[in-house]
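One-letter residues, chain by chain:
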Amino acid sequence: MSERLRVAIVDPSPQVRDAIASLIEGEADIVARVGSLRELFSLRDGDADVAIADFGACSGARRADLEALRRRCPHLRFILTTVEEEQEYEDAVASLSGDAWVPKSHLGRELTEVLRRMA
């Protein structure tokens with residue numbers, strides 16, 4: 001990677017946020033670790049390149065937060081994570097205009113590679 005990506009981590013679990021941070025710390029600069037998308041509303045466009053976000057933080061009633069964040073930071077790309085591995089989640093991520101999907105059980109194997117492709 002030529003420039004390190006600036007990454008925001010969004011997950012309701014502090015343990016998951018810490019685990020994701022430990023996976024990517026050599027690959028990216030972590031600019032935020034938060035429990036909800038709403039907590040990223042203080043970001044300006046360009047403060048972060050990628051948000052690694054729990055699918056539940058972006059879907060259902062929280063979809064409005066995702067859409068508001070996309071308007072606020074149109075260049076922010078999203079890697080959405082799910083506990084489940086079923087294909088239906090990949091389709092659901094696409095419906096949210098997610099840029100990538102990684103099941104949480106695959107984060108250790110796939111997350112850094114996905115980040116490298118986004119750089």
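Whatever comes next refers back to the structure up there.
This text gives an overview of the structure that appears in the document. Keep in mind it's a predicted model, so treat the numbers as computed, not measured.

## A short note on the pairing of strand E4 (residues 77–82)
Next up, step 1: Within E4, five of the six residues are buried, leaving the element largely enclosed by the surrounding structure.
Next up, step 2: Pairing geometry for strand E3 (residues 50–54) and E4, over five bridges, is parallel. Bridging from a neighbouring strand, Ile52 pairs with Ile79 of E4.
Next up, step 3: Note on the crossover from E3 through helix H2 (residues 63–72) to E4: the handedness is right-handed.
Next up, step 4: Taken together, the four bridges between E4 and strand E5 (residues 100–103) define a ladder with parallel strand orientation. In the strand pairing of E5, Thr82 is matched with Pro103.
Next up, step 5: As a crossover connection, the stretch from E4 through helix H3 (residues 87–95) into E5 is right-handed.

## Here we look at a negative patch on the surface
Next up, step 1: Residues Glu84, Glu85, Glu86, Glu88, Glu90 and Asp91 make up a contiguous surface patch of negative charge.
Next up, step 2: In this structure, Glu88 sits in helix H3.
Next up, step 3: We classify Glu88 as exposed; its relative accessible area is 55%.

## A look at the environment of Val50
Next up, step 1: Along the chain, the position of Val50 falls in strand E3.
Next up, step 2: Separated by 43 residues in sequence, Val50 and Val7 have C-alpha atoms that sit 4.9 Å apart.
Next up, step 3: Ignoring any residue separated from it by four or fewer positions in sequence, one finds Val50 in contact with Leu5, Arg6, Val7, Ala8, Leu76, Arg77, Ile79, Leu115 and Met118.

Reading the values: rules and limits
- Residues numbered from 1 in each chain as written.
- Predicted model: local features only at pLDDT ≥ 70, side-chain atom pairs only at ≥ 80, totals over all residues.
- Heavy atoms only, no water.
- Buried < 20%, exposed > 50% of the residue type's maximum accessible area, 1.4 Å probe, protein only.
- Helix = DSSP H or I, 4+ residues; strand = E, 2+ residues; numbered from the N terminus.
- Pairing = 2+ DSSP bridges.
- Right-handed = clockwise from strand over helix to strand, strands pointing away.
- Patch = residues over 30% accessible without salt bridge, like charges linked within 9 Å, V, L, I, M, F, W, Y side chains within 5 Å.
- Areas by Shrake-Rupley, 256 points an atom, 1.4 Å probe, with all protein chains shown as cover.
- Salt bridge = Lys/Arg side-chain N within 4 Å of Asp/Glu carboxyl O.
- Lys, Arg positive; Asp, Glu negative; His and termini not counted.
- Charge placed at Lys NZ, Arg CZ, Asp CG, Glu CD.
- Contact = heavy atoms within 4.5 Å.

The values are spatial; any link to function lies outside them.
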